[in-house]
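Residue-level structural notes
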Amino acid sequence: MNLVEKRDFIHSRLHQVDESLIDEFYKMLRKEEILKTKLTIRAIKSENDIKSGKLFSRTEIEQKTNNAVQ
C-alpha cells in the first residue's frame, strides 16, 4: 500500500474511530509539530551565533565538558 492509499484509508475511517484514538493521534501529531518548531528555532539561533562569532574552540568545549563531568 503506497502513501496515498494509506492516507485515503485513514481518512475514510476517521469518522468511525472513538474519541480516545483521535486524541492519541492528535497528541502524536502535535508533539511532532512542536519538536519540529523547537528544532527550527534552535537551528536559526545557532546560525545567528555562528554569524555573530559566538563560537567556542574545541579546547573550550573540552574544558566545559570535563568540568560538567566532575
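Provided above is the structure to which this section pertains.
Read on for an overview of the structure. (Residues numbered from 1 in each chain as written. Predicted model: local features only at pLDDT ≥ 70, side-chain atom pairs only at ≥ 80, totals over all residues. Heavy atoms only, no water.)

Structural notes on the layout of surface pockets
Test applied: Only protein atoms enter the 1 Å grid used here. Points where a 1.4 Å probe fits but cannot escape make up a cavity, open sets with protein on both sides within 12 Å along at least five of seven lines make up a pocket, and a residue lines them when an atom lies within 4 Å of a point. Grid points are joined across faces, edges and corners, and a volume is the space filled by probe spheres set on the points. A helix here means a DSSP run of H or I that spans at least four residues, while a strand means a run of E at least two residues long, and both kinds are numbered starting from the N terminus. Residues are sorted three ways: Asp, Glu, Lys and Arg are charged, Ala, Val, Leu, Ile, Met, Phe, Trp, Tyr, Cys and Pro are nonpolar, and all the rest, Gly among them, are polar.
Taken as a whole, the largest pocket encloses approximately 170 Å³ of empty space. Forming the boundary of the largest pocket are Phe9, Ile10, Arg13, Leu14, Val17, Leu21, Ile22, Glu24, Phe25 and Met28. Put simply, the parts of the chain that give the lining of the largest pocket at least two residues each are helix H1 (3–13) and helix H2 (19–51). Element by element, the count of residues in the lining of the largest pocket is highest for H2, at five residues. Looking at the lining of the largest pocket, its residues break down into eight nonpolar, no polar and two charged.

Considering the pattern of salt bridges
Selection criterion: The working definition used for a salt bridge is a side-chain nitrogen of Lys or Arg within 4 Å of a carboxyl oxygen of Asp or Glu. Partly exposed residues are those whose accessible area sits between 20% and 50% of the maximum for their type, while under 20% is buried and over 50% is exposed, using a 1.4 Å probe and protein chains only.
If you walk through the whole model with that rule in mind, you get three salt bridges. Salt-bridge contacts for Glu33 lead to Arg30; the nearest nitrogen and oxygen are separated by 3.0 Å. One end of the pair, Glu33, and the other, Arg30, are both in helix H2, three residues apart, so they sit about a helical turn from each other. Overall, Glu33 belongs to the partly exposed group, its relative accessible area being 46%. For the salt bridge of Glu62 with Arg58, the shortest nitrogen-to-oxygen distance reads 3.0 Å. With Glu62 and Arg58 both in helix H3 (residues 58–69), this residue pair falls four residues apart, about one helical turn. Residue Glu62 is classed as partly exposed on the basis of its relative accessible area, which comes to 37%.

Considering H2
Rules: To estimate how far a helix should reach, multiply one less than its number of residues by 1.5 Å.
The terminal C-alpha atoms of H2 lie 48 Å apart, and with 33 residues this matches the ideal 48 Å at 1.5 Å per residue to within 8%. Two residues or fewer after H2 comes Gly53, characterised by a positive phi angle close to 85 degrees.

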